[in-house]
Amino acid sequence: MQITETKTVTETKEIYVAPCLKCGSADIKLWDCGYTEGNVGGGVCKECGHEGKQGWIGSSPSKEQLAGIWNAANDIDTLITAENTKIEASRRTITELESLRRERADAAARKGNLGAKLQHVQRLKEEGAALAEKANDAAQEAVELQRATEVEAFFESFKLSVTLSIERGELPKPYALEEGEAYQHLGAWDSGMVAKLNTGQSKYSPQWKALIDWGAGNGLKVDCLYTWDGGGTRSWHVLTVKPMP
Ligand SMILES: [Zn+2]
């Protein structure tokens, strides 16, 4: 013989309820109106009265459902994700509209006289040139960033060399800026290099200032001295440190 038994299983679940977006309070009451049709529910902040609710939610909603409604209007990460989704949708719409504009213009140009067609070709050329310029700017920016990184890496290696020498109880070796990328970018053959770095006229003044500040923070005065060979065919700079006076 077989019999059946029905039992209700009680399940306990942790439900996340976001703090109130308006006042930050974590004291949130989840509620619903209890209507059988056209029910309204969500959450309300007990601190400031801010509500996060939704209509037409069905009768006897679960706490999880109510928390979901509240969180959608109050959880910062959820809100950011929702805004990003809107941005994505707008971007797609703009791309579609732009291609529609192009199609319409193409269609109009095909119908027009030679003057209209020529105008269309000119516009396309202008658009192409504008795009190429944009790409050029981006490429130039990448090059500048790369150079700044190389100068920074050079200063970092100097800092490391100074630190290791002093900690080993040795005198820091003068650090010559006479070849390599940093030499090129900084224009280290030019006797005016340090003045340009000091007065913000060099692109790398921020990196230089960071080096000076690092020295000052460690009780060191960083100096950069201009020097040249006997024949006067080559010139460069040498980085040194001395104790702060
Ligand atoms: Zn509140």
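Residues numbered from 1 in each chain as written. Predicted model: local features only at pLDDT ≥ 70, side-chain atom pairs only at ≥ 80, totals over all residues.

## Regarding the overall build of the protein chain
Moving on, step 1. Of regular secondary structure, the protein chain possesses 6 helices and 6 strands.
Moving on, step 2. Secondary structure elements in the protein chain, listed N-terminal to C-terminal, are β-β-β-α-α-α-β-α-α-α-β-β.
Moving on, step 3. Over its C-alpha trace the protein chain gives a radius of gyration of 34 Å, far above what one expects of a compact globule, namely 18 Å for 245 residues.
Moving on, step 4. Projecting the C-alpha coordinates of the protein chain onto the three principal axes gives extents of approximately 105 × 75 × 50 Å.
Moving on, step 5. For the protein chain, the proportion of its 245 residues judged to be buried stands at 17%. (Helix = DSSP H or I, 4+ residues; strand = E, 2+ residues; numbered from the N terminus. Rg over C-alpha atoms; globule rule 2.2 N^0.38 Å. Buried ≥ 20, exposed ≤ 12 C-beta atoms within 10 Å, placed from the backbone.)

## Notes on the sheet that holds strand β4 (residues 175–177)
Moving on, step 1. Reading across the sheet, the 3 strands line up as β4-β6-β5 and stay open at both edges, with antiparallel pairing between neighbours. Both edges of this open sheet fall to β4 and β5 (220–228), since each of them pairs with a single strand only. Strand-to-strand twist across the sheet, computed as the mean angle between neighbouring axes with direction ignored, equals 25°.
Moving on, step 2. Where β5 meets strand β6 (residues 235–243), 9 bridges bridge the pair, whose relative direction is antiparallel. Bridging from a neighbouring strand, D223 pairs with T240 of β6. (Pairing = 2+ DSSP bridges. Axes fitted to C-alpha atoms, helices over the stretch in contact; angles between N-to-C directions.)

## Brief notes about the pairing of strand β3 (residues 51–55)
Moving on, step 1. Where strand β2 (residues 40–45) lies against β3, 5 bridges are found, and the strand directions are antiparallel. Bridge pairing links V40 to G55 in β3.
Moving on, step 2. Where β2 hands over to β3, the hairpin turn is made up of 5 residues, of which G49 adopts a positive phi near 85°.

## Overview of unusual backbone geometry
Moving on, step 1. In the Ramachandran plot, W56 falls in the positive-phi region, its phi being about 50° despite a non-glycine side chain.
Moving on, step 2. Take W56: it is sitting in the loop between β3 and α1 (63–74).
Moving on, step 3. Even without glycine at this site, S60 takes up a positive phi of about 45°.
Moving on, step 4. Turning to its location among the elements, S60 is positioned in the loop between β3 and α1.

## Remarks on the domain arrangement of the protein chain
Moving on, step 1. The domain boundaries assigned to the protein chain delineate domain 1 (28–74) and domain 2 (149–243).
Moving on, step 2. Between the C-alpha centres of domain 1 and domain 2 the distance comes to 64 Å. (Domains from an automatic or database assignment.)

## Things to note about the sheet that holds strand β1 (residues 28–32)
Moving on, step 1. Taken in spatial order, the 3 strands make up an open sheet running β1-β2-β3, and their pairing is antiparallel. Each having just a single partner strand, β1 and β3 make up the two edges of the open sheet. If you compare each strand with its neighbour and ignore which way they point, the axes differ by 10° on average.
Moving on, step 2. Relative to β2, β1 is paired through 5 bridges, and the arrangement is antiparallel. Residue pairing for β2: K29 is matched across the bridge by V44.
Moving on, step 3. α1 contacts β1, β2 and β3 of the sheet and is inclined by roughly 60° relative to β2. (Contact = placed C-beta atoms within 7 Å.)

## What to know about the environment of Y226
Moving on, step 1. Turning to its location among the elements, Y226 is positioned in strand β5.
Moving on, step 2. In this structure the C-alpha to C-alpha distance between Y226 and M193, which are 33 residues apart in sequence, comes to 8.6 Å.
Moving on, step 3. Dropping the residues within four chain positions of it, Y226 is found in contact with S191, S235 and H237.

## Quick notes on α1
Moving on, step 1. Taking 1.5 Å of rise per residue, 12 residues should cover 16 Å, and α1 covers 16 Å from first to last C-alpha, within 8% of that figure.
Moving on, step 2. When we look at burial in α1, the residues that qualify are L66, A67, G68, I69, W70, N71 and N74.
Moving on, step 3. Those residues of α1 hidden inside the fold are in contact with β1, β2, β3 and α2 (76–111). (Expected span 1.5 Å × (residues − 1).)

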